[in-house]
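Structural features, examined
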Amino acid sequence: MKALLCIISAFLVVSCASNAQTLTPLRLVLLCEELPAIKHITDMKVSSDTLLFVYESEDGYGQRFLRSAKIDEDNLSLNIGSEIGKKEDGYYTSYMPYPFLDTQNKMQIVSQDDCEIYDLYSDGVLTRTKQNVLDGKSIVPFPLSHYIQDVYSANPSTYVFIGREPNGGSQYVITANTMTHQVDTIRKIAMSPQLQTWMPNAGEMAFSCKYNRIAFAYRLHPVIDIIGMDGELIKQLRLSADTFEPNTLEQADFEDLNPLHTVDITVTPEYIYALVWGCRYSAIQTTNPTILKVDWNGNIADTYTISMPLYKIAVTSTYNLIGWTGKEFVLFKP
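Reading the values: the criteria
- Residues numbered from 1 in each chain as written.
- Predicted model: local features only at pLDDT ≥ 70, side-chain atom pairs only at ≥ 80, totals over all residues.
- Heavy atoms only, no water.
- Helix = DSSP H or I, 4+ residues; strand = E, 2+ residues; numbered from the N terminus.
- Contact = heavy atoms within 4.5 Å.
- Phe/Tyr/Trp six-rings, centres within 6.5 Å; stacked < 30°, edge-to-face > 60°.
- Buried < 20%, exposed > 50% of the residue type's maximum accessible area, 1.4 Å probe, protein only.
- Lys NZ or Arg CZ within 6 Å of the ring centre and 35° of its normal.
- Polar contact = N/O pair within 3.5 Å; in protein donor to acceptor, adjacent residues only side chain to side chain.
- Pairing = 2+ DSSP bridges.
- Salt bridge = Lys/Arg side-chain N within 4 Å of Asp/Glu carboxyl O.

When you line up the elements, V294 lands in strand 22 (residues 290-295). Sequence-wise, V294 and V267 are 27 residues apart; in three dimensions their C-alpha atoms are separated by 9.4 Å. Beyond its immediate sequence surroundings of up to four residues, V294 is in contact with L237, E270, Y271, I272, N299, I300 and A301.

This is how it looks when you write it as structure tokens:
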């Protein structure tokens, strides 16, 4: 039955646009000795001609590492640099770095476990800004964990991100002002009244400064929500029929027991690119994923099918897409 649901989900996603096209992967040659020992990549961002990627290593015990790579799209190459934030004594400035772009399109880093913000310089050094997205002065509506994800800059002192209640509670789209220390919720992220905790509602969030809108794509549900800054739902884009089985929440490996839908998103000022699997994690090696190009009104503009496994994507300044296959970086030119 689950296999049938995976097939139906994949079929419906590909059918979302009438002019679906297959993108040919172009292998990016590494201008360095070899890739670091990557277990999996947790995030990728592009600024100008530079890719920043965060990864966990095979022997890193959960620590996340940050590197940059110069992109040459004409010659299909990546020049990967050394670890960012590693100090001379071998310790790291941040053990959970997360890159994001400020309103001037300059890359900054936030430490996901303590919310401290750093400036990133071209030599790979992280410098403290003496600002935190959340800190002891924050005026919060209720207790919040200091683990944050999907951070975006709305203006020089205001950040939009996903925050969670402690101890496995609910998650919210949240805004924080570092000048006034005011923290407010925009919207609770929950698919239904029966699914209120963050685990069955995990996903990826993006923010548009141009449209002042938020996109949230669920990992375990075939849904992408477009949300206003007032918290109102502008549009809910449904990709297929529901596949999540709530009784699997009793299992530690519940994600492995359900089809995964949107596993990553990347954005431009005009569009959201959503990487959609529509299958279980165990089936991704034999399933062709889909990339949906969605505008900020929630309308599908294009659908791209990918003929290989794909785990992460990032859109470049020329509106091409860099992908991580689990083994190498590739470039797609829509």
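In this section: the packing of aromatic side chains. Within the structure shown, the criterion is met by twelve aromatic pairs. On the numbers, 5.7 Å between centres and 35 degrees between planes, the contact of F53 with Y55 is tilted. Taken as a pair, F53 and Y55 share a single burial class, namely buried. Both rings, one in F216 and one in Y218, keep their centres 4.9 Å apart while their planes meet at 80 degrees; by these two values the pair is edge-to-face. Three or more aromatic residues link up through ring pairs in this structure, and these residues are F53, Y55, F65, Y92, Y95, W324 and F329. Directly above the aromatic system of W198 lies the positively charged group of R164, at a separation of 3.5 Å from the ring centroid.

Before going further, it helps to examine the environment of T266. Summarising the element assignment, T266 is placed in strand 20 (residues 260-267). Considered as a pair, T266 and A314 are 48 residues apart in the sequence and their alpha carbons are 5.4 Å apart. Those residues in contact with T266, other than ones at most four positions away along the chain, are Y271, I272, Y273, I313, A314, V315 and L321. Within the local environment of T266, its side chain forms a polar contact with the backbone nitrogen of V315, the two atoms lying 3.0 Å apart.

The subject of this paragraph is unusual backbone geometry. Positive phi values are uncommon outside glycine, yet D150 reaches one of about 50 degrees. Residue class for D150 comes out buried when judged on its relative accessible area of 4%. A positive phi angle is found at Y319, which is not glycine, with a value near 70 degrees. Tracing the chain through its elements places Y319 in the loop between strand 24 (312-315) and strand 25 (321-324). On the basis of relative accessibility, which here comes to 47%, the residue Y319 falls in the partly exposed class.

Right, let's get into the sheet that holds strand 2 (residues 26-27). Reading across from one edge, 2-26-25-24 is the order of the four strands in this open sheet, with antiparallel pairing throughout. Among the strands making up the open sheet, the edge pair consists of strand 2 and strand 24. Bridging between strand 24 and strand 25 involves four bridges; their strand directions are antiparallel. Within the sheet, the bridge partner assigned to V315 lies in strand 25 and is L321.

Before going further, it helps to spend a moment on the pattern of salt bridges. Tallied over the entire structure, the rule returns 13 salt bridges. E116 is the partner of R128 in a salt bridge, and the nearest nitrogen-oxygen pair spans 2.8 Å. Here R128 is found in strand 11 (residues 126-132), whereas its partner E116 is found in strand 10 (residues 116-120), with twelve residues between them in sequence. K210 is paired through a salt bridge with E270; the nearest N and O atoms lie 2.1 Å apart. Of this pair, K210 sits in the loop between strand 16 (203-208) and strand 17 (213-218) while E270 sits in the loop between strand 20 and strand 21 (271-279), placing them 60 residues apart in sequence. On the basis of relative accessible area, E270 is assigned to the partly exposed category, the value being 31%. Residues joined by salt bridges that share partners form a network here, namely R67, E83 and K86.

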